[in-house]
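# Architecture at a glance
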Amino acid sequence: MPNRTADGPPAPAPIAPSPENGAKRTVTAEVVKVLLHRRADRGMRMEEFASRCVRRGELHELVTTDQLETEEGARIDRVGFLGFVEISVAGVLDRGDIVLVDGVPMGTLLGFDACHFPNHYNVLIHTAWTLTGPEAGLRPGSQVSFRSPASTDGDAGPVPP
């Protein structure tokens, strides 16, 4: 799964999805605001939930991290802010989903931070290193997809080794 930046190592291997996950459709969203900053001391806290339902029209913030901790309450400090997306096709976001920008794999959904909820979730995406919106090639209107590693909606998609 190549990273969207041209001059660096490939993105990490996908995070193993839960064996409890069944087939699902791909959730899609559109970028409405690009963010430009990163932090090494953010202090986000991993939610206990490995999945969240999202509704059409909701806005959520996309955040990258090179950290892999998924246990409830794990502190996530190293982050890059991608931007805000509006959900266009509702569904369930699951830990282990492949995150694509304009059809290109960028990372793997790690989990959720709810410090701003109910306004929005911070959707944490594992990448080889922290990426900001411009570094990931985001622009207003970019299409973001959250797809099961073993996609069942007619799109073959990447499958973990």
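Note that the structure is predicted; figures quoted are calculated from it, not measured.

We now examine the overall build of the chain. Regarding its fold elements, the chain presents zero helices and 12 strands. Along its sequence from the N terminus, the chain presents helices and strands in the succession β-β-β-β-β-β-β-β-β-β-β-β. Within the chain, the proportion of its 161 residues that are buried is 45%. At a minimum sequence separation of 6, the contacts of the chain that also span at least 24 residues come to 77%. Carbon together with sulfur atoms contributes 52% to the accessible area of the chain, which is approximately 7500 Å² in total.

As a further point, take the environment of Gly-83. Assignment of secondary structure puts Gly-83 in strand S7 (residues 79-89). By relative accessible area, Gly-83 is classed as buried at 1%. Sequence separation between Gly-83 and Thr-132 is 49 residues; the distance between their C-alpha atoms is 8.1 Å. Setting aside its immediate chain neighbours within four residues, Gly-83 contacts Lys-33, Val-34, Leu-35, His-60, Glu-61 and Leu-62.

This part covers the environment of Met-46. By secondary structure assignment, the location of Met-46 is in the loop between strand S3 (44-45) and strand S4 (51-54). Other than its neighbours up to four places away in sequence, Met-46 contacts Glu-69, Thr-70, Glu-71, Glu-72, Gly-73, Ala-74, Ile-76, Arg-95, Leu-110, Gly-111, Phe-112 and Leu-124.

What follows covers the confidence of the model for the chain. For the chain, the average pLDDT comes to 87, and 84% of its residues sit at 70 or higher. When the criterion is pLDDT under 50, residues 1-10 qualifies, and its contacts beyond four places in sequence or with other chains add up to 30 contacts. Across residues 154-161 the pLDDT falls below 50, and counting only partners more than four positions away or on other chains, this stretch makes 11 contacts in the model.

Relative to the assigned elements, Ile-125 resides in strand S11 (residues 122-126). When residues no more than four places from it in sequence are discounted, the contact partners of Ile-125 are Leu-62, Val-63, Thr-64, Thr-65, Leu-82, Val-99, Met-106, Gly-107, Thr-108, Leu-109 and Leu-110.

Burial runs high along strand S12 (residues 143-147): four of the five residues are buried. Here four bridges tie strand S1 (residues 27-34) to S12, and the two strands are oriented antiparallel to one another. Within S12, the position partnered with Glu-30 by the bridge is Gln-143. Here strand S9 (residues 98-101) runs beside S12; their pairing, made up of four bridges, is antiparallel.

If you look at the biggest cluster of nonpolar residues, it comprises 23 residues, and the most contacted ones within it are Leu-62, Leu-82, Leu-93, Met-106, Val-123, Val-144 and Phe-146. Of all the secondary-structure elements, those providing two or more residues to this core are S1, S7, S9, strand S10 (104-113), S11 and S12. When sequence neighbours within four positions are dropped, the list of residues in contact with Val-123 reads His-60, Glu-61, Leu-62, Val-63, Leu-93, Leu-109, Gly-111, Phe-112 and Phe-146.

Within the fold, Thr-127 resides in the loop between S11 and S12. Here Trp-129 takes part through its backbone oxygen, which lies 2.6 Å from a polar atom of the side chain of Thr-127.

Now for the packing of aromatic side chains. In this description, an aromatic ring pair is defined by two values, namely the gap between the centres and the angle between the planes. As enumerated under the stated definition, the model contains two aromatic pairs in all. An angle of 25° between the planes, with centres 4.6 Å apart, marks the rings of Phe-117 and Tyr-121 as stacked. Accessibility expressed as a relative area gives 45% for Phe-117, which makes it partly exposed. Linked through ring pairs, Phe-112, Phe-117 and Tyr-121 together constitute an aromatic cluster. Here the guanidinium or amino end of Arg-52 rests over the ring plane of Phe-49, the centre of that ring lying 4.0 Å away.

Conventions used here
Residues numbered from 1 in each chain as written. Predicted model: local features only at pLDDT ≥ 70, side-chain atom pairs only at ≥ 80, totals over all residues. Heavy atoms only, no water. Helix = DSSP H or I, 4+ residues; strand = E, 2+ residues; numbered from the N terminus. Buried < 20%, exposed > 50% of the residue type's maximum accessible area, 1.4 Å probe, protein only. Contact = heavy atoms within 4.5 Å. Areas by Shrake-Rupley, 256 points an atom, 1.4 Å probe, with all protein chains shown as cover. pLDDT = per-residue confidence, 0-100. Pairing = 2+ DSSP bridges. Core = buried A, V, L, I, M, F, W, Y, C linked by side-chain atoms within 4.5 Å. Polar contact = N/O pair within 3.5 Å; in protein donor to acceptor, adjacent residues only side chain to side chain. Phe/Tyr/Trp six-rings, centres within 6.5 Å; stacked < 30°, edge-to-face > 60°. Lys NZ or Arg CZ within 6 Å of the ring centre and 35° of its normal.

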